[in-house]
Amino acid sequence: MKRSDVDVAVIGGGPAGLAAALAARNEGASKVLIIERNHELGGILQQCIHHGFGLHRFKAELTGPEYAQRFINLVKETDIEVLLETMVLEVRDDRTIYAVNSTDGMLEIGAKAVVLAMGCRERTRGALRIPGKRPAGIFSAGTAQRYLNIDGYIPGKKAVILGSGDIGLIMARRLALEGAQVEAVVEILPYAAGLARNVVQCLEDFDIPLILQSTVVQIHGDDRLEAVTIAKVDENWKPIPGTEQKIECDTLLLSVGLIPENELSREAGVALDPITNGPKVDDTLMTSVPGVFACGNVLHVHDLVDNVSKEAERAGAFAGRYALQQQADAARRVKVEAGENIRYVVPHEISLDKPVEFFMRVQRPEQNVVLDLGGLRTVKKPSVRPSEMLNITLTEEMLSKLEGDTLTVRIVPQKEDGVDA
Amino acid sequence: MRKSLTCTVCPLSCDVVLEIGENNEILSLTGNKCARGKVYATKEHTAPERTLTTTVKTKGGSLPLLPVRSDQPIPKPMLKKAMEATADLVVDAPVKMGDIVIENFLDLGVNLVASRDLDRAH
């Protein structure tokens, strides 16, 4: 077995891995390695051919491949080593990595620091327990996106899309542009889960109906999907009898959520957050296993790739410092808690010796609210939605005022006389 | 005539209501919470534009398709025609991001450009 040693090993060559590797190298780590299972870098961005990426980062509306290419070009200018078509099989808690590819066979890599950047994968039909037969023609939206945009196959001619998250909406437009008939996008919530911009440009532009508070209750067809039955749901998401409607289609796309891909993390003994399904991290984005860091969609599912890059740069820089043994242990640590109408907050634990950027999501939409970070900073928000991540930074000075051992983040109503913003 | 639009400039997603006159002119515009909303709704009513992103076939490339985009938005009613115009297009590899695939696409004054690098198949 071939053995090599590196300062920082980054698992995954998508947007998180690329940004983390660059940041680790810039921090002074001299041997940085990216391990990627695909035949090229860029991750899921390569199949997201639509535009709208990079508004924050590059002040331009880039397509996914363009956003990826910019980072790939930066990596190519460095001496960062890239192993493609290489599958990581195991990460040990002493940061030994076992991987395999068809050129080298088994590889053993000793790393002073590891960055987990494996991304996420899609929820499937099985997770939804949709009853009925199991004909061909049922795809997760991302799989269909790959067939269409990378391989050049259209998944069907007449489609229904379950789930109005951005991937579902983007695929509705993509299918319509390529000449397929999109019968409807069906959403269980009372509002569209994706961005308003995508509702306008992907559905309204193509006269595709958005059917709210409904779900698929029956699959029809033997060899190939022939139709789906949808029904209205009550407030507990239970289908209401008598509201069924049968829609003929040969394709059903499922855009019903993403799950961070943490098999490697779990085996390495990394503690996971049951809400995000990602690792619990501190303010250096280090997991419960010393020297193992996490960023991007493996940590929590992001809304914008710009936020992934930013978070990954932080993880990469701290991983670099850890590898160079420049990271001092914090004197005091404080737990971060999700309070009223906050679903989760990352990081889970902070020290108070450096600025911290918090990422969080709300549980339900609300208007005219104040985001309150433990009384240290309050920010007025005209509207908050679960689909849009919130990010706020607390400076060292703000953090120095924290008393107790917990920082609670919550959403509170705006007072008439106005709360300081 | 009354027409309502969802503003897509920011996540607030204001519902903008336009009162349209007989000659398709805007008589009034309400519901937007900022000036950018007015600009958006006016443009969306008079001359809506969209950026085209799609794929074209490749010859000799490491992948069967190359993602492409219009480097500027094009008039919304031209989207279908634009898709037809790219349907049979074949691009020779190698390609660099930003390379022009079609210059002055459909005489619209915009270029169709490559979204990524594409190497030759080896």
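Quick caveat, the model's predicted, so the values are computed rather than measured.

Colleague: A description of the domain arrangement of chain A should follow, citing residues and the corresponding values.
Modeller: Quite often, the size of an interface is put as the accessible area lost when its parts meet. Residues and elements named next belong to chain A. Domain parsing of chain A yields domain 1 (1-122 + 257-327), domain 2 (124-256) and domain 3 (332-421). Inter-centroid distance (C-alpha atoms) of domain 1 to domain 2 is 32 Å. Each partner contributes residues to the interface: domain 1 has 11 residues there, and domain 2 has 17 residues. Broken down residue by residue, the surface that domain 1 buries against domain 2 is led by Gln 47, His 50 and Glu 122, which jointly contribute 53%. Run the count over domain 1 and domain 2 and you get 1 salt bridge.

Colleague: Describe the domain arrangement of chain B, naming the residues involved and giving the relevant values.
Modeller: If you check the domain split of chain B, you get domain 1 (2-46) and domain 2 (53-114). Distance between the C-alpha centres of domain 1 of chain B and domain 2 of chain B: 31 Å.

Colleague: A description of the nonpolar core should follow, citing residues and the corresponding values.
Modeller: Residues and elements named next belong to chain A. Residues Val 8, Ile 11, Ile 97 and Leu 116 are the most contacted members of the largest nonpolar core, which totals 66 residues. Lining this core are residues from two domains, each supplying at least three of them: domain 1 (1-122 + 257-327) and domain 3 (332-421). Not counting residues within four places of it along the chain, the set of residues in contact with Ile 97 comprises Ala 9, Ile 11, Ile 35, Val 88, Glu 90, Val 91, Leu 107, Glu 108, Ile 109 and Val 114. Among the nonpolar cores identified, the runner-up in size contains 24 residues, and Ile 342, Met 360, Leu 402 and Leu 407 belong to it.

Colleague: Would you mind going over unusual backbone geometry in detail, with residue names and values included?
Modeller: The omega torsion of the bond from Val 346 of chain A to Pro 347 of chain A falls at 5°, within 30 degrees of zero and hence cis. Along the chain, Pro 347 of chain A falls in the loop between strand E21 (342-346) and strand E22 (349-351). Residue Pro 94 of chain B is bonded to the preceding Ala 93 of chain B through a cis peptide linkage, with omega at 0°. Relative to the assigned elements, Pro 94 of chain B resides in the loop between strand E8 (90-92) and strand E9 (100-102).

Colleague: An account of the sheet that holds strand E1 (residues 2-6) of chain B is requested, with residue identities and associated values reported.
Modeller: All names here are of chain B. Pairing is antiparallel across the open sheet formed by 3 strands, whose spatial order is E1-E2-E3. At either end of the open sheet lies a strand with only one pairing partner, and these are E1 and strand E3 (26-30). On average, each strand axis in the sheet is tilted by 20° relative to the strand beside it, whichever way the strands run. Pairing geometry for strand E2 (residues 15-20) and E3, over 4 bridges, is antiparallel. Paired with Leu 18 across the strands is Leu 29, a residue of E3.

Colleague: Tell me about helix H2 (residues 79-87) of chain B, and please be specific about residues and values.
Modeller: Residues of H2 of chain B that are buried: Leu 79, Ala 82, Met 83 and Thr 86 of chain B. Around the axis of H2 of chain B, the buried residues are gathered within 100° of arc, so they sit on the same side. Exposed residues pointing more than 90 degrees away from the buried face of H2 of chain B are listed as Lys 80 and Glu 84 of chain B. For H2 of chain B, the elements touching its buried residues are helix H5 (166-177) of chain A together with strand E4 (49-50), strand E5 (53-59), strand E7 (74-75) and strand E10 (112-114) of chain B.

Colleague: Break down the interface of chain B and chain A for me, citing the residues and quoting the values.
Modeller: Contacts between chain B and chain A engage 24 residues on the former and 33 residues on the latter. Contact between chain B and chain A buries roughly 2300 Å² in total, counting both sides, with carbon and sulfur atoms accounting for 56%. Among the residues of chain B in contact with chain A, Thr 53, Met 97 and Arg 116 of chain B are the three that bury the most area, contributing 21% of the side total. On inspection of chain B and its partner chain A, the count reaches 4 salt bridges. One salt bridge connects Arg 50 of chain B with Asp 205 of chain A, and the closest N-O pair in it is separated by 2.5 Å. When contributions to the side of chain B that touches chain A are tallied by element, the ones reaching two or more residues are E5, strand E6 (65-70) and H2 of chain B.

Colleague: Please set out the side chain of Thr 58 of chain B residue by residue, giving values where relevant.
Modeller: Residues and elements named next belong to chain B. Mapped onto the elements, Thr 58 comes out in strand E5. Judged by its relative accessible area of 16%, Thr 58 falls in the buried class. Polar side-chain contacts of Thr 58 include one of 2.5 Å to the backbone oxygen of Leu 63. When residues no more than four places from it in sequence are discounted, the contact partners of Thr 58 are Leu 63, Pro 64, Leu 65, Leu 66, Val 90, Val 91 and Leu 118.

Colleague: For the environment of Thr 103 of chain A, give the residues involved together with the corresponding values.
Modeller: With respect to the helices, strands and loops of the structure, Thr 103 of chain A is situated in the loop between strand E7 (96-101) and strand E8 (105-116). When the C-alpha positions of Thr 103 of chain A and Glu 85 of chain A are compared, they lie 9.4 Å apart, and in sequence the two are 18 residues distant.

About the cut-offs
Residues numbered from 1 in each chain as written. Chains lettered and ligands numbered in written order. Predicted model: local features only at pLDDT ≥ 70, side-chain atom pairs only at ≥ 80, totals over all residues. Heavy atoms only, no water. Domains from an automatic or database assignment. Contact = heavy atoms within 4.5 Å. Buried area = accessible area lost by both parts, 1.4 Å probe. Salt bridge = Lys/Arg side-chain N within 4 Å of Asp/Glu carboxyl O. Core = buried A, V, L, I, M, F, W, Y, C linked by side-chain atoms within 4.5 Å. Buried < 20%, exposed > 50% of the residue type's maximum accessible area, 1.4 Å probe, protein only. Helix = DSSP H or I, 4+ residues; strand = E, 2+ residues; numbered from the N terminus. Pairing = 2+ DSSP bridges. Axes fitted to C-alpha atoms, helices over the stretch in contact; angles between N-to-C directions. Arc of directions from axis to C-beta. Polar contact = N/O pair within 3.5 Å; in protein donor to acceptor, adjacent residues only side chain to side chain.

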